[in-house]
Amino acid sequence: MKVFKFSLLECFKVRNQIAENILWMLCFALCSTICSFSTIASDTGGNKFAQFQIDDASSAAAYKKIEHYIRAQPEILKVSIDIETGIVFCLFDGNTTVDETSFAHWLTQKHYTLSCYREGVIGVDPILTKEEFECM
């Protein structure tokens with residue numbers, strides 16, 4: 001049988017070394033977490049959104065045609081229209097020149113108009129629900 005002899009000083013050294021290693025691992029984990037959260041927060045993909053109301057569409061078929069037409073624009077990533085209210089939600093690349101004038105132009109080509117336009121940055125500005133969206 002082997003007998004291991006450790007002095008009290010050696011035990012403290014080993015324990016301190018273990019504690020130091022644990023501290024370094026915790027520090028690394030904390031730094032990694034902070035870096036990943038800051039990357040997620042700042043990486044919105046550069047996407048923006050627009051919300052507006054279509055004034056003069058009168059049927060579900062008309063809304064579907066408008067939705068398909070807007071979706072066909074190369075800058076548009078996603079589009080959704082609430083048929084009950086005529087409220088449009090569009091997601092687009094924030095690095096493009098898409099703005100209210102762009103949407104107005106696209107709708108004018110189909111003989112429609114928009115109102116209550118609002119635009120924002122994904123992850124920064126609030127996206128309103130149809131209940132929150134007020135057109136004055």
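Residues numbered from 1 in each chain as written. Predicted model: local features only at pLDDT ≥ 70, side-chain atom pairs only at ≥ 80, totals over all residues. Heavy atoms only, no water.

J.: How would you sum up the overall build of the chain? Please name residues and give values.
T.: Counting secondary structure elements, the chain contains 3 helices and 4 strands. Overall, the chain shows an N-to-C arrangement of helices and strands of α-β-α-β-β-α-β. In the chain, buried positions account for 26% of the 136 residues. In the chain, 63% of the contacts between residues at least 6 apart in sequence involve partners at least 24 apart. Put simply, the chain shows about 9,700 Å² of open surface, and 62% of that area lies on carbon and sulfur atoms. (Helix = DSSP H or I, 4+ residues; strand = E, 2+ residues; numbered from the N terminus. Buried < 20%, exposed > 50% of the residue type's maximum accessible area, 1.4 Å probe, protein only. Contact = heavy atoms within 4.5 Å. Areas by Shrake-Rupley, 256 points an atom, 1.4 Å probe, with all protein chains shown as cover.)

J.: Account for the sheet that holds strand β3 (residues 87–93), with residues named and values stated.
T.: Across the sheet, 4 strands lie side by side as β2-β3-β1-β4; this open sheet has antiparallel pairing. Pairing within the sheet leaves two strands with one partner each, and these edge strands are β2 (76–82) and β4 (114–121). Geometrically, the sheet is characterised by an average inter-axis angle of 15° between neighbouring strands, direction not taken into account. Strand direction decides the pairing type here: β2 and β3, joined by 6 bridges, are antiparallel. Bridging from a neighbouring strand, S80 pairs with F89 of β3. Relative to β2, helix α2 (residues 60–71) is tilted by about 170°, and along the sheet it contacts β1 (47–54), β2 and β3. Contacts from helix α3 (residues 100–109) reach β1, β2, β3 and β4, with the element oriented near 140° to β4. (Pairing = 2+ DSSP bridges. Axes fitted to C-alpha atoms, helices over the stretch in contact; angles between N-to-C directions.)

J.: Describe the nonpolar core, naming the residues involved and giving the relevant values.
T.: Counting residues in hydrophobic clusters, the biggest one holds 22 residues, and the most contacted among them are F52, I54, I66, I70, F103 and L107. Counting residues per element, this core draws most heavily on α2, which supplies 5 residues. Beyond its immediate stretch of four places on either side in the chain, I54 contacts Y63, I66, I81, G86, V88, L107, Y112 and T113. (Core = buried A, V, L, I, M, F, W, Y, C linked by side-chain atoms within 4.5 Å.)

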